[in-house]
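Here are the chains, one letter per residue:
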Amino acid sequence: MRSSFTRGNISLISWAVLVVAALVLTALMISGQGWLRSNVFELLPESDYDPLTAAATEQVDMELGTRLLFFIGHKDRGVAKAAADRLAASLLEQPLIDSVTVRIDESQYAAIAGFYYPYRRQILSAEQLQAMATDAAGIEQRALADIFSPFGGGGANLATDPFFLFADSLQALQPPNSVVNFDDGYLWAARDGRDYVFVMAKTMSPSLSIVEQEKLVHHIDAAIGSVRSQDSGVDVLRTGFSFYAYEATQSAKGEVSTIGVGSLIGLLLLVMTTFRSMRPLTLIAISILAGCAIALAVTLSVFGYVHLFTLVFGASLIGVSVDYSFHYVANDAFGGEQWTPQRGLRNIFTGVTLGLLTSILAYLALTVAPFPGLQQLAVFSSAGLIGAYLTLICVSGVWRRRMTLNERSLVLQFAKRFLSLWERSGPAYRYGLIGVLAVLIVVGYPTIDIDDDVSVLQAQPPELKRQEAAIQELLGVAQAGTFLLVKAGTGEELLQREESVRHELDTLIGSSTITGYQAISRWVPSEARQRRSFSAYVEFVKQRLPAYFESLGVDADAAARTQAKLTQDMSVLHISDWLESPASEQFRNLWLVGDSGEPASIILLYGVQDVAELASRVAAYPDITVVNKARELSGLFGQYRARVARMLATAYVIILLGLATRYGLPRSVLLLVPPVFAGLVALIIISALGETLNLFNFLAMILVLGIGIDFTLFIAEARHEYLSTMFAITLSALTTMLSFGLLSLSGTYAVHSFGLTVLIGIACAYLLSPLATGLGSETR
Amino acid sequence: MRQAANTLLLCVLLFGLARGEPQAQLTLADVVARLGTPAVIRGNYTQTKEIALLSRPLESHGDFILSKLGLFWRQQSPPAGIVIADGKRLVQQIGDGDPEVTDDSSNPMALPFSRIFLGIFSGDEESLRTHFEITFSATGEAWEIGLVPTTEPMSLAIESIILYGREHIEDLTVVNRSSDKTVIRFSDIRTEPEHLTEHEIELYAR
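Residues numbered from 1 in each chain as written. Chains lettered and ligands numbered in written order. Predicted model: local features only at pLDDT ≥ 70, side-chain atom pairs only at ≥ 80, totals over all residues.

Scanning chain A from terminus to terminus reveals 28 helices and 13 strands. Computed over its C-alpha atoms, the radius of gyration of chain A comes to 35 Å, more than 25% above the 28 Å expected for a compact globule of 780 residues. With the principal axes as the frame, chain A shows a C-alpha extent of 125 × 55 × 50 Å. Counting over 780 residues, chain A shows a buried share of 46%. (Helix = DSSP H or I, 4+ residues; strand = E, 2+ residues; numbered from the N terminus. Rg over C-alpha atoms; globule rule 2.2 N^0.38 Å. Buried ≥ 20, exposed ≤ 12 C-beta atoms within 10 Å, placed from the backbone.)

What follows is the structure, encoded as structure tokens:
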């Protein structure tokens, strides 16, 4: 007795040291910055792209992730313009905003014109080349009209651009946009009788911390508020990745507290109505606290940060980690006169330990998918469960007084009746039930609907969606991260490849598969194309200039000199010239250079309606690939969903073999029926509710297995003390369903799917768990 | 872009000459104030363009109407052509060809000029001053306004504009940065009938 008391003391002290260490470590880590993250993309696996594709994706993500778009609307465009100016000015006050564009500067346009003028003979548009071949007289006539018109200053460039082609060439470099209009450098579009003026801002970085996110969005909303209050009737539309990230963080934060507080209140009510004393609550509270402290400390040590997503899931850990304590207090409450803490612990040790091991196995199985988010979730949950388990083993001996049960507690009454219902039912009923469920599963499973869309990871608030749709409509451009990556050995080859695929893209615009694109070869034609343009120009000048100049009265000497100048050899417009000039400012990031110096480029696509059609049309072009991160991630989700399903099947077989060494094969099969059927029935029910299933429903199946098998194992190991075990299982099923049920209320579809599957799965596993009565090892 | 600038200038001038009869001590304010008064003005013109490359100046002539519908400018020779300009668009027709319309929105650089144009339509001297440095001199019957553009892109193309008149405005000279020079001489100015005739309204419809 003395020695065991000492052993108890030692374990209590070690536990205390562990918990204090975990608390200190956690406190140290969270006193720093950046320990809490919320960027959804950090949950996703690193893509297995080659370096160039990865660089291109990063470039596009950077572009889309930092961009904030605004439209300021008013009936009077003048008012809208003034409001846009004020908004731009106050946006710039926020240091997290890198730049704001509200007007296109005229000097910027002049600089671009200045850059291209020396190359004017090489950048003739397809329409101009066509006109030179078929309508030379028309070109001359327009030039003459330009010279004589009182409005034309055309004569000014008579010696260097005698047919005044440059302005049209320059205009043709840009993709046409029929939706957006210009007014005094402002871009605007009309909608519902109002004029909307466009403002674009860029943030410093696509991945802002939670604090920065809040600062940014609060500043922007205050700026919008003040613009609105100055002019009644002004409305402002806004969209951008930062707004989605902010909303996701806010809703996740809300969910962490809803789930945490909800679980705790449920727990409190449950314990107060079930037990006569508050002592179980003390044990449970200590085990939750120790579990959370250890979970946070381990997670922070392993990853260096905690993701908000982990905390949302982790909040549901409360409901799982109290199970061990429930088994202990239930054993106490039902124990006879000879019950001591040591004996109680011994009674439940095997069941609880097996339960911990299967749960940890289930959580670790989550890490098969290389999603950093899931790996963190698994580590967090496993550490938390171990913490709760150690608390029970080390601390429970402290209370030497007995627990007393509230005999009229609903939980107890229910457990009693439920158990006796099963005990009265004969084997025919049991096997009949198994048969009916088996038929339901065989018929129902093939009908489930699956949708692997990656967007389930991010909450999609309808108001943000509405504004985004309105902005895309106003802008006439919807860019969503789909692009073509073009690779080649040399820059010239690259530009030629772009030019050939652009023909395909133009036909895709015609068939409305895409609405437009942006490509570098618009701005820098390939040398081959420049030479074609140049030789057509020289030919045209030789044929038409002499007569044209004569009709104007240019003297012969000057005409000859001009012609000689216009036909002298061209100097190629190289991509490097363009990249270094101010003309490339907006688009130079479409050009990439690989590790060994090989060039690549991005063709940005707008308004992609049908990625599959696009991919099949582009497939014929060598070294051009369609990159669509969302589509690939969705594909990945599908792959992992299939892999998780296979892995679950394997896990069941392994568990079955493991159990068979203790229970024999036939009983092991029966022990596995409740969790397996529970998981499958849950999927079928959710599908029948009209929801589509995704990776997260299948990941939840792992938990249904891990927790559900605890129920049958506890019952099998109950040594005929079925009521105390059934009572404990009822309590733990209730708390688990409470916390995961709260997850199913989440605004993030992935979290909702996960929570709902566990909720229904655990309910089914609980209802089926009495199948294990009479299957214990000692009854053999 | 220069087209639009010159459109505006013509409008300024032609509105100015509607009120003829300059007083002895004419001020800039007197002239500018007249610009805002709507009226229909008709007349003929002869344009002379000096371009560096040409051994002799290019000469052309035609007639015009200025009204609230905008400017109708018809060149009779050589070559024949019509230009119609209002605040929003520019219609250009060469010979018997199809009219070509340049919309504000399709030509971003035309817009600054439209803004100035509209400012001047309302006879606003302030608006003129934000885009030009203005000099004014008057000697008896004769007056001269010099405009030097101070804002881009007009200042990139045009060095100065000189308007000269006595009883009416008589000529307009635009000196380009490239030292080319355009002189437009007006004649036979009429303000009667007070309103556009049906025939004239039809001319605008293109």
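Per the secondary structure count, chain B includes 6 helices and 11 strands. In chain B, which comprises 206 residues, the proportion classed as buried is 35%. Restricting to contacts in chain B with at least 6 residues of sequence separation, those with at least 24 account for 45%. (Contact = placed C-beta atoms within 7 Å.)

All names here are of chain A. Counting residues in each nonpolar core, the largest one holds 179 residues, and the members touching the most others are Ile-72, Ala-84, Leu-87, Leu-699, Val-704 and Ile-762. If you tally residues by element for this core, the top one is helix 26 (residues 695-716), at 17 residues. With residues up to four places along the chain from it excluded, the contact list for Val-704 reads Pro-675, Ala-678, Gly-679, Ala-682, Thr-757, Val-758, Gly-761, Ile-762 and Ala-765. Ile-514, Leu-590, Leu-614 and Val-627 belong to the second largest nonpolar core, which has 54 residues in total. (Core = buried A, V, L, I, M, F, W, Y, C linked by C-beta atoms within 7 Å.)

For the rest of this paragraph, the subject is the domain arrangement of chain A. Residue and element names in this part refer to chain A. Looking at chain A, the domain boundaries give domain 1 (1-33 + 275-406) and domain 2 (410-447 + 664-780). The gap between the C-alpha centroids of domain 1 and domain 2 is 23 Å. Listed per partner, the contact involves 25 residues of domain 1 and 27 residues of domain 2. Classifying every residue of the side of domain 1 that touches domain 2 gives 15 nonpolar, 9 polar and 1 charged. (Domains from an automatic or database assignment. Nonpolar A, V, L, I, M, F, W, Y, C, P; charged D, E, K, R; others polar.)

All names here are of chain A. Note that Leu-508 resides in helix 18 (residues 491-510). Sequence spacing of Leu-508 and Ala-649 is 141 residues, and the spatial spacing of their C-alpha atoms is 45 Å. Leaving out residues up to four positions away in the same chain, Leu-508 has contacts with Thr-513, Ile-514, Leu-614 and Arg-617.

Let us look at the packing of helix 12 (residues 317-334) of chain A against helix 27 (residues 722-743) of chain A. Residues and elements named next belong to chain A. For the pair helix 12 and helix 27, the least separation of the axes is 8 Å and the interaxial angle reads 160°. The pairing of helix 12 with helix 27 is recorded here as roughly antiparallel in orientation. For the element pair helix 12 and helix 27, the recorded crossing hand is right-handed. Two secondary-structure elements touch here, helix 12 through Ile-318, Gly-319, Val-320, Val-322, Asp-323, Phe-326, His-327, Ala-330, Asn-331 and Phe-334 and helix 27 through Leu-723, Ser-724, Phe-727, Ala-728, Leu-731, Ser-732, Thr-735, Thr-736, Leu-738, Ser-739 and Phe-740. (Axes fitted to C-alpha atoms, helices over the stretch in contact; angles between N-to-C directions. Parallel < 35°, antiparallel > 145°, perpendicular 65-115°, else oblique. Left-handed = near helix turned anticlockwise from the far one by under 90°.)

Looking at where Ser-581 of chain A falls in the secondary structure, it is placed in the loop between helix 22 (575-580) and strand 11 (591-593). Along the primary structure Ser-581 of chain A and Ala-111 of chain A are separated by 470 residues, whereas in three dimensions their C-alpha atoms are 9.0 Å apart.

Another aspect to go through is helix 25 (residues 665-688) of chain A. Residue and element names in this part refer to chain A. Taking 1.5 Å as the rise per residue, helix 25 with 24 residues should run 34 Å; its terminal C-alpha atoms sit 33 Å apart, in good agreement. At Val-673, helix 25 shows its maximal kink, close to 35°; a proline, Pro-674, follows between one and four residues later. Burial of helix 25 is extensive: 17 of the 24 residues sit out of reach of the surface. Positive phi shows up at Gly-690, right after helix 25, with a value of about 95°. (Expected span 1.5 Å × (residues − 1). Bend = angle between axes of the 7 residues up to and from the residue.)

With that out of the way, let us pick up the pairing of strand 4 (residues 81-85) of chain B. All names here are of chain B. Most of strand 4 is tucked away, with 4 of its 5 residues classed as buried. As judged from the 5 bridges shared by strand 3 (residues 70-77) and strand 4, these two strands associate in the antiparallel manner. Considered in strand 4, the bridge of Arg-74 is made with Ile-82. Pairing geometry for strand 4 and strand 5 (residues 89-94), over 5 bridges, is antiparallel. Across the sheet, the residue bridging to Val-83 is Gln-92, located in strand 5. (Pairing = 2+ DSSP bridges.)

What follows concerns the confidence of the model for chain B. All names here are of chain B. Considering every residue of chain B, the mean pLDDT works out to 71; 68% of them sit at 70 or more. Overall, residues 1-23 carries pLDDT values under 50, and its contacts beyond four positions in sequence, including any with other chains, amount to 71 contacts. Below a pLDDT of 50 lies the segment residues 106-122, which in the model reaches 42 contacts outside its immediate sequence neighbourhood of four places, other chains included. Model confidence for the complex is summarised by a pTM of 0.75, with the ipTM given as 0.75. (pLDDT = per-residue confidence, 0-100.)

Moving on: the packing of helix 25 of chain A against helix 26 of chain A. Residues and elements named next belong to chain A. Contact pair helix 25 / helix 26: the axes reach a minimum separation of 8 Å and the direction vectors enclose 145°. At the point where helix 25 passes helix 26, the crossing takes the right-handed sense. Together, Leu-671, Pro-674, Pro-675, Ala-678, Gly-679, Ala-682, Leu-683 and Ile-686 of helix 25 and Asn-697, Met-701, Val-704, Leu-705, Gly-708, Ile-709, Phe-711, Thr-712 and Ala-716 of helix 26 make up the contact between the two elements.

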